Amino acid sequence: MTSTDLAALRPRLPSPLQEIEDDRFTRRGVRLSLKRDDLIHPDLVGNKWRKLAPNLTAAAGRTLLTFGGAYSNHLRATAAAGRVLGLATVGVVRGDELADRPLNPSLARCASDGMRLCFIDRSTYRHKDEPSTLAAVLRAAGAEGAYVVPEGGSNALAVRGCRALGEELRGRAEVVAVACGTGGTFAGLAAGLGAGQRALGIPVLKGGFLTADIERLQWEAFGGRRGEWALDDRFHFGGYARTAPELDAFAKDFEARHGVGVERLYVAKLLYGLVASAEEGAFQPGSRVTAVITGAPFDG
């Protein structure tokens, strides 16, 4: 797989920047824009293109093996990449209890795109990054020669790929915000922004562990911490794949206001957090805030 092969897929880069009128921001003198990474590619949606593209090149045609939970956007994107590019894919799914259950719509999409699913127990999954455990997982999956992409697609290659997101936004906003899962997109975004800009991350998992992970990813990708950035841990709504009636109502209202589909696991929490922050006066009057729309709603 070469960069030329990937270019043939015609990703829409740079992704569009859409300014919207939202009175919750404008009455405070703040301009809100949406960085529409959800429009990069119909199959490799949003930040998944930026993270997967350099790894697909590095895989050089080998089977791709990666990890995720039962509702993982990353697993779906990897499976779609395999289908589009003719690559074999293996998805290692957290939770061996799922093996005997009907596939949920997300995993069913992975399977229909040709991904071979392997379910492992949660204890093993927690140790998947340890060399001995990873080797055992690869043997059990019959994929010893596979190219391994970590959970969420976040490795040094992915982080360097996401730096272009920040570079596309240089001089376009004072604050650039994105929802964070494993932190790879955020690590690259922050590194790509210019002087006078700051990155704001909204984690969708609870636990407060992400700062260390982002620092590690930046060290692996760039040799040190890069950019001005901070996280706001208040808007995870209980953790990954957790939601609430309040969040769903907010997302539906945002869709009605602006005609933009709001993905619930990441983007809804990001936008909710930005509205709440604006109402708290967190953004200076006259400033520009950009929300990175990393994915589209999944309808199954």
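Structure shown above.
The following paragraphs examine the structure supplied in this document. Fair warning: this is a prediction, and the values are worked out from it, not measured in the lab.

What counts, and at which threshold
- Residues numbered from 1 in each chain as written.
- Predicted model: local features only at pLDDT ≥ 70, side-chain atom pairs only at ≥ 80, totals over all residues.
- Heavy atoms only, no water.
- 1 Å grid on protein atoms, 1.4 Å probe; cavity = no way out; pocket = protein on both sides within 12 Å on 5 of 7 lines; lining within 4 Å.
- Points joined across faces, edges and corners; volume = space filled by probe spheres on them.
- Nonpolar A, V, L, I, M, F, W, Y, C, P; charged D, E, K, R; others polar.
- Phe/Tyr/Trp six-rings, centres within 6.5 Å; stacked < 30°, edge-to-face > 60°.
- Helix = DSSP H or I, 4+ residues; strand = E, 2+ residues; numbered from the N terminus.
- Buried < 20%, exposed > 50% of the residue type's maximum accessible area, 1.4 Å probe, protein only.
- Lys NZ or Arg CZ within 6 Å of the ring centre and 35° of its normal.
- Pairing = 2+ DSSP bridges.
- Axes fitted to C-alpha atoms, helices over the stretch in contact; angles between N-to-C directions.
- Parallel < 35°, antiparallel > 145°, perpendicular 65-115°, else oblique.
- Contact = heavy atoms within 4.5 Å.
- Core = buried A, V, L, I, M, F, W, Y, C linked by side-chain atoms within 4.5 Å.
- Expected span 1.5 Å × (residues − 1).
- Bend = angle between axes of the 7 residues up to and from the residue.

With that settled, consider empty space enclosed by the protein. A complete count under the given rule lists one cavity of 30 Å³ or more for this structure. Of the voids in this model, the largest cavity is the one considered here, and its volume is about 40 Å³. In this structure, the largest cavity is lined by Gly181, Pro203, Leu205, Lys206, Gly207, Gly208, Phe209, Leu210 and Asp233. Taken together, the residues of the lining of the largest cavity break down into four nonpolar, three polar and two charged.

Let us look at the packing of aromatic side chains. All chains considered together, the criterion is met by six aromatic pairs. Centroid distance phenylalanine 250 to phenylalanine 254: 6.3 Å. Interplanar angle 40 degrees. Geometry classified as tilted. Of the two residues, phenylalanine 250 and phenylalanine 254 both sit in helix α11 (residues 245-258), four residues apart, roughly one turn of that helix. With respect to burial, phenylalanine 250 and phenylalanine 254 carry one shared label: buried. Through pairs of rings, three or more aromatic residues link up here, namely Phe235, Phe237, Phe250, Phe254 and Tyr272. Here arginine 76 stacks its cationic end above the ring of phenylalanine 298, 3.8 Å away from the centre of that ring. Over the aromatic face of tryptophan 229 sits the side chain of arginine 225, whose NZ or CZ is 3.7 Å from the ring centroid.

Read across the sheet, six strands follow the order β1-β2-β10-β7-β8-β9 without closing on themselves; strand pairing throughout is mixed. Among the strands making up the open sheet, the edge pair consists of β1 (17-20) and β9 (229-231). On average, each strand axis in the sheet is tilted by 25 degrees relative to the strand beside it, whichever way the strands run. Direction of pairing for strand β8 (residues 198-203) relative to β9: parallel, over a ladder of three bridges. Looking across to β9, one finds that glycine 201 is bridged to leucine 231.

In this section: the packing of helix α8 (residues 156-168) against helix α10 (residues 210-222). It is at 8 Å that the axes of α8 and α10 come closest, and there the two elements cross at 85 degrees. Looking at the two axes, α8 sits roughly perpendicular to α10. Contact residues: Ala156, Val159, Arg160 and Arg163 in α8; Leu217, Glu220, Ala221 and Phe222 in α10. Across the contact of α8 with α10, the residue classes tally to five nonpolar, no polar and three charged.

Looking now at the layout of surface pockets. One way to see where empty space is left: roll a probe the size of a water molecule over the atoms. Its boundaries defined by the atoms lining it, the second largest pocket holds a volume of some 280 Å³. Contributing to the lining of the second largest pocket are 15 residues, with Arg94, Arg122, Tyr240, Ala241 and Arg242 lying nearest its centre.

Judged by nonpolar contacts, the single largest core of 33 residues is most densely connected at Phe25, Leu34, Leu271, Leu274 and Phe283. For this core, the secondary-structure elements that each account for two or more residues are β2 (31-35), β7 (175-180), β8, α11, α12 (267-279) and β10 (288-292). Ranked by residue count, the leading element in this core is α12, at nine residues. Sequence-distant contacts of leucine 274, that is, excluding residues within four places in its chain, are made with Phe25, Ala177, Leu200, Phe283, Val289 and Ala291. One finds Ala191, Leu217, Ala221 and Phe222 within the second-largest nonpolar core, a separate group that totals 23 residues.

Given 3.6 residues per helical turn, the α-helix brings residues three or four places apart onto the same face. Its 13 residues place the ends of helix α3 (residues 47-59) 19 Å apart at the C-alpha level, agreeing with the 18 Å of an ideal helix rising 1.5 Å per residue. Roughly 30 degrees is the biggest bend found in α3, and it falls at alanine 53, with proline proline 54 one to four residues downstream. The element α3 is extensively covered by neighbouring structure, given that 10 of its 13 residues are classed as buried. Of the positions making up α3, those classed as buried are Asn47, Lys48, Trp49, Arg50, Lys51, Leu52, Ala53, Asn55, Leu56 and Ala59. Residue alanine 60 follows α3 closely and has a positive phi angle near 55 degrees.

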